[in-house]
Amino acid sequence: MVDPDQADEAVEPLAVDAEDSPEVEPQPPIDAILAVDIGGTKFAAGLVTARGELIARSRVEVERDVGPESHYTSLATLVTDMQQQAVFQGARVRAVGVGAAGPVTRQLETVSPVNIPGWRDFPLRARLQELTGMPVFGDLDAKALALAEGWLGAAQGQSDFCAMTVSTGIGGGIVLDGELLDGESGNAGHIGHIIVEPLGRRCGCGAQGCLEAEASGLAIEQITGRPPSEPTYEIMQRTGTYVGRAAASICNSLDLTLVVVGGAVALGFAATFFHSAQVALDENVQLAYSRGARITPSRLADSGPLIGAGAVGWRGVRRAARGVH
């Protein structure tokens, strides 16, 4: 089972005074993480308690064709508003937790989301620390989702699984032996760049036929001329098939039998997508250890990204308390 501390001890629940008292004692503040999700089309922020409850949330659309400071101003306004919401909710913010589309550097010292061209090597962590005056802990958005799904979602009790986001872009987080994989630069799990269609569409990374170039929300809009919110049945099938094909490669390579999928495109396409993905997965997992692998929707639905960012924050708080970097 994976929790925000990657298989470390569980987050301690809030203390409760059980003694009877004739006087009404003021309630202690609720500890929370100010969670931030950096997606391809939106910024979102929320408050996540130590039990994984999302007690407030807000979002703003990402503007196109603006510079890096305009993006940051939009995000900063959202974060500042959420700090004020924390006061209103009686919450004590312990830290900021961030999940961001990649590529990134460790702890989001810099971010370069493929689908936000205005941010290239943008110093996100330092800017948020300056803005909030609090510690900032960050990771890739799909890795954050993997923490959340292992903590409270569809992968509870599982020590080996993959989590994927199929949205504007496509990302992933991989958990092996209860540990979330980081990789050399912190970018492990970039599943969107598995080749699923040799000589296929050119990807933003420069390669051809990447999963992201064939099945992401941005790719669907480019292919059909319509937003992913208006799909045809064939597009939902096609997208599921490509995701199932990529999932099979992951399961065969890493000895996995569970792939949890979230993201607006996957969850919006619903049963048609997941049926097609499972069919493609079944067709391509023929090894004894991967046969029978399953693909399942995120149990946390559209709350997953913010709960994931909260999980990243709680993990950071606990590691900092132990002197672990």
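Nothing here was measured: the structure is a model prediction, and the numbers come from that model.

1. Let's talk about the sheet that holds strand S6 (residues 161-166)
Turning to step 1, where the next piece is worked out: Ordered by their spatial adjacency, five strands build an open sheet running S8-S7-S6-S9-S10, and the pairing between neighbours is mixed. Only two strands of the sheet have a single partner each, and these edge strands are strand S8 (179-180) and strand S10 (294-297).
Turning to step 2, where the next piece is worked out: Bridge count for S6 against strand S9 (residues 258-262) is four bridges, and the pairing is parallel. Counterpart to Thr 165 in the pairing with S9 is Gly 262.
Turning to step 3, where the next piece is worked out: In this fold helix H3 (residues 141-152) packs onto S6, strand S7 (170-176), S8 and S9, with an angle of close to 125 degrees to the strand it touches most, S6.

2. Comments concerning the packing of helix H1 (residues 68-89) against helix H2 (residues 124-132)
For any two helices packed against each other, one specifies the inter-axial angle together with the distance between the axes.
Turning to step 1, where the next piece is worked out: Between H1 and H2, whose axes approach to 11 Å, the crossing angle comes to 40 degrees. In terms of orientation, H1 lies oblique with respect to H2. The hand of the H1/H2 crossing is right-handed. Contacts from Glu 69, Tyr 72, Leu 75, Ala 76, Val 79, Thr 80 and Gln 83 of H1 reach H2 at Leu 124, Arg 127, Leu 128, Leu 131 and Thr 132.
Turning to step 2, where the next piece is worked out: Tallied by class, the residues present in the contact of H1 with H2 amount to seven nonpolar, three polar and two charged.

3. Concerning the packing of aromatic side chains
Turning to step 1, where the next piece is worked out: Evaluated as defined, the whole model comprises four aromatic pairs.
Turning to step 2, where the next piece is worked out: Measuring from centroid to centroid gives 5.9 Å for Tyr 72 and Phe 122, while their planes differ by 40 degrees, and the two rings are tilted. Of this pair, Tyr 72 sits in helix H1 while Phe 122 sits in the loop between strand S4 (91-100) and H2, and the two are 50 residues apart along the sequence. There is no split in this pair, since Tyr 72 and Phe 122 are both buried.
Turning to step 3, where the next piece is worked out: With a centroid separation of 4.9 Å and an interplanar angle of 85 degrees, the aromatic rings of Phe 273 and Phe 274 are classed as edge-to-face. Residue Phe 273 shares its accessibility class with Phe 274, and that shared class is buried.
Turning to step 4, where the next piece is worked out: Three or more aromatic residues joined by ring pairs make a cluster, and in this case those are Phe 43, Tyr 72, Trp 119 and Phe 122.
Turning to step 5, where the next piece is worked out: When the ring centre of Tyr 72 is taken as reference, the NZ or CZ atom of Arg 127 above it lies at 4.2 Å.

4. With respect to the sheet that holds strand S5 (residues 136-140)
Turning to step 1, where the next piece is worked out: Taken in spatial order, the five strands of this open sheet run S3-S2-S1-S4-S5, and their pairing is mixed. The sheet terminates laterally at strand S3 (54-61) and S5, the two strands that pair on one side only. Here the average twist between neighbouring strands, direction ignored, is 20 degrees.
Turning to step 2, where the next piece is worked out: Across seven bridges, the pairing between strand S2 (residues 42-49) and S3 is antiparallel. Bridging across to S3, Leu 47 finds its partner in Ala 56.

5. Remarks on helix H6 (residues 233-254)
Turning to step 1, where the next piece is worked out: Helix length check: H6, at 22 residues, gives a terminal C-alpha distance of 32 Å against a target of 32 Å (1.5 Å per residue), a fit within 8%.
Turning to step 2, where the next piece is worked out: Buried positions along H6 lie against S6, helix H4 (211-215), helix H5 (217-224), S9, helix H7 (264-284) and S10.
Turning to step 3, where the next piece is worked out: Downstream of H6 by a residue or two, Asp 255 has a phi angle that is positive, lying close to 60 degrees.

6. A look at empty space enclosed by the protein
Turning to step 1, where the next piece is worked out: One pass over the structure, following the stated rule, counts one cavity of 30 Å³ or more.
Turning to step 2, where the next piece is worked out: Quantified by volume, the largest cavity comes out at close to 30 Å³.
Turning to step 3, where the next piece is worked out: Forming the walls of the largest cavity are Phe 43, Glu 61, Val 62, Glu 63, Val 66, Ser 70, His 71 and Ser 74.
Turning to step 4, where the next piece is worked out: Tallying contributions element by element places H1 first for the lining of the largest cavity, with three residues.

Cut-off values and rules
- Residues numbered from 1 in each chain as written.
- Predicted model: local features only at pLDDT ≥ 70, side-chain atom pairs only at ≥ 80, totals over all residues.
- Heavy atoms only, no water.
- Pairing = 2+ DSSP bridges.
- Helix = DSSP H or I, 4+ residues; strand = E, 2+ residues; numbered from the N terminus.
- Contact = heavy atoms within 4.5 Å.
- Axes fitted to C-alpha atoms, helices over the stretch in contact; angles between N-to-C directions.
- Parallel < 35°, antiparallel > 145°, perpendicular 65-115°, else oblique.
- Left-handed = near helix turned anticlockwise from the far one by under 90°.
- Nonpolar A, V, L, I, M, F, W, Y, C, P; charged D, E, K, R; others polar.
- Phe/Tyr/Trp six-rings, centres within 6.5 Å; stacked < 30°, edge-to-face > 60°.
- Buried < 20%, exposed > 50% of the residue type's maximum accessible area, 1.4 Å probe, protein only.
- Lys NZ or Arg CZ within 6 Å of the ring centre and 35° of its normal.
- Expected span 1.5 Å × (residues − 1).
- 1 Å grid on protein atoms, 1.4 Å probe; cavity = no way out; pocket = protein on both sides within 12 Å on 5 of 7 lines; lining within 4 Å.
- Points joined across faces, edges and corners; volume = space filled by probe spheres on them.

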